[in-house]
Amino acid sequence: MINWNRLFPPLRQRRNINYQEGRRAEQQASPPLEVSEEQADIELFVNRLDSVESVLPYEYTAFDFCQASEGKRPSENLGQVLFGERIEPSPYKFTFNKKETCKLVCTKTYHTEKAEDKQKLEFLKKSMLLNYQHHWIVDNMPVTWCYDVEDGQKFCNPGFPIGCYITDKGRAKDACVISSDYHERDTFYIFNHVDIKIHYHVVETGSMGARLVAAKLEPKSYKHTHIDKPDCSGTPMDISNKASGEIKIAYTYSVSFEEDPKIRWASRWDYILESMPHTHIQWFSIMNSLVIVLFLSGMVAMIMLRTLHKDIARYNQMDSTEDAQEEFGWKLVHGDIFRPPRKGMLLSVFLGSGTQILIMTFVTLFFACLGFLSPANRGALMTCAVVLWVLLGTPAGYVTARFYKSFGGEKWKTNVLLTAFLCPGIVFADFFIMNLILWGEGSSAAIPFGTLVAILALWFCISVPLTFIGAYFGFKKNAIEHPVRTNQIPRQIPDQSFYTKPLPGIIMGGILPFGCIFIQLFFILNSIWSHQMYYMFGFLFLVFIILVITCSEATILLCYFHLCAEDYHWQWRSFLTSGFTAVYFLIYAIHYFFSKLQITGTASTILYFGYTMIMVLIFFLFTGTIGFFACFWFVTKIYSVVKVD
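Presented here is an overview of the structure given in this document. Here the structure is a predicted model, which means the values were calculated and not measured.

Cut-offs used in this document
Residues numbered from 1 in each chain as written. Predicted model: local features only at pLDDT ≥ 70, side-chain atom pairs only at ≥ 80, totals over all residues. Heavy atoms only, no water. Phe/Tyr/Trp six-rings, centres within 6.5 Å; stacked < 30°, edge-to-face > 60°. Helix = DSSP H or I, 4+ residues; strand = E, 2+ residues; numbered from the N terminus. Buried < 20%, exposed > 50% of the residue type's maximum accessible area, 1.4 Å probe, protein only. Expected span 1.5 Å × (residues − 1). Arc of directions from axis to C-beta. Contact = heavy atoms within 4.5 Å. Salt bridge = Lys/Arg side-chain N within 4 Å of Asp/Glu carboxyl O.

## What to know about the packing of aromatic side chains
Taken as a whole and judged by the stated rule, the model has 64 aromatic pairs. Summarising the aromatic geometry, the rings of F428 and W459 are spaced 5.8 Å apart at their centres and angled 45 degrees between planes, so their arrangement reads as tilted. Of the two residues, F428 sits in helix α11 (residues 412-441) while W459 sits in helix α12 (residues 449-476), which places them 31 residues apart along the sequence. Given the relative accessible area of 18%, F428 is considered buried. Through a chain of ring-to-ring contacts, the aromatic side chains of F362, F366, F367, F372, F541, F544, F585, F619 and F622 assemble into a single cluster.

The structure is reproduced here in structure tokens:
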């Protein structure tokens, strides 16, 4: 029995498509291409090639495949460039409704004694060994390779491999399992022929036309007997690992057209859903975790409201000072609760950056929910996030300035400079080091120098001035008024039990928020590292809202326990309690790397963990800020309703 789940990674982690959003986004991303006999040319574009066994994608031109003689390269947006997408015209040309059989595209000849030819051939072999996949596009639709898997189900992969390899022990790797013709030991088989089938339906407009609704292909391997007049028959195109002399590879294709009146243009992505069995089980597990989180949130809210109500009623009924001296709990620390924290400068900077990320995430997910940022609109999600981050410098500067002033800080110049440069600087430094590795490896994911300059220009010329403007207004306003005065002499904090010490509380605080996101985290990591489409933005937005609620409630609950234990150092603790969710994120990312991915090579491993650290830092600032704001609101609220002499 063939283990398809091991052979084809996309089968192992099934694609998640919210197709209603996909339809909407497809219509917004590009108008339907209508072809007719008068305007009958169909363009096929090629994208970068990638692999689940390597983080390094490569441009189509990096391989020695047939190149387009002419054709305009589509312009890429910022998001596409950052994700390493490089869309180029292809040498595969079609005419609508004109069937082609075994048409020669080009022939590549390699002389193994020539160093240049040998290098090209070795690169091709290495790519087949790592199962690199082509990604072709027709009318903004992925050209899919559909094949049967277990239980008679069909899987549609939006990519197809360059070729495959039979090991020296005779084990078929990856796509070599599809045919018993691939059996020679220590041999590579290159898929040098594709059978393309284009599905269309006829529309009756002013003039008769047709819309393309699907493009499917089947990769094959042929050692053409007559290369000048190929007939697409005979043995597969094998390249022995020890081959020497002259090697000729002829690339060919066949194309056919099929009218399919059942598929509407607006729902043409739906056939990819054919490859999604057991979706209801995924939804059940997600809904199950949501119910648990909501149940816990309800319990937390109920306990807090009942206990607090009793506390406030008891404190406000006390008349004599003798009663007050005998009393214990959170009221006793009212003279120290708003005492400025240590390292207030750093905390205020983190809060400013966290606010920027929080608003950016909310707005990006909101637009994605409306269907504007679907994968049908390539690169839109990343472009939207970067542009929003740049434009949200003002709230970052304002929040930082307001809290730094309330902490009694006076070095406002240092404060605003750190807000503009500390966290973005760390992210950019990490990103730049990763980019140097990608440059060294010649990957298409390496950001071109011009784009790097453009990102720096966005940061220095737009984000930094906006941060300064926000900080100016923040410092101009009066400091935040607290409901109680701060005593001159700090109160001594009594000995704490194990559970009310800072570290156990911080570690416990991150468990509940992480519990509500880890299932979605699996899908998100799949979309990034296993090159799978992600459409479930509506659900992700719901999880985002629940994450905010859970972070807030977990932090408020722990904050209340610490105040009852007369420990008034709540500022940093509230930030770190919910921020610790990022540490669980990091642990999960490490587990995901070793248990789910097949990444090999030092460069790919460094890149995986380098990019993961950027995500962890952003997530830390994001969750920490939620925790601090929730706790700040809670503390202000409870001390404003209790009577203090």
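## Notes on helix α5 (residues 115-129)
Taking 1.5 Å as the rise per residue, α5 with 15 residues should run 21 Å; its terminal C-alpha atoms sit 21 Å apart, in good agreement. Among all positions of α5, only D117, L121, L124, K125, S127 and M128 are buried. Within α5, the buried residues cover an arc of 160 degrees as seen down the axis, which keeps them to one side. In α5, the exposed positions that point more than 90 degrees away from the buried face belong to A115, E116 and Q119. Check the buried side of α5 and you find it contacts β6 (100-111), β13 (163-166), β14 (187-190), β17 (238-240) and β18 (246-259). Downstream of α5 by one or two residues, N131 has phi in the positive range, about 60 degrees.

## Examining the pattern of salt bridges
Side-chain pairing between opposite charges can occur once the charged atoms of the two side chains come close. Here the structure, examined in full by the defined rule, presents 15 salt bridges. Residue K98 pairs with E100 through a salt bridge whose shortest N-O separation is 3.9 Å. The exposure class of K98 is partly exposed, given its relative accessible area of 45%. Taking the relative accessible area as the measure of exposure, E100 reaches 16% and is therefore buried. Here K220 and D195 are joined by a salt bridge, their closest N and O atoms 2.8 Å apart. Separated by 25 residues along the polypeptide, K220 in strand β16 (residues 208-220) and D195 in strand β15 (residues 193-204) bring together distant segments of the chain. Through salt bridges with shared partners, a single ionic network connects E59, R73 and E76.

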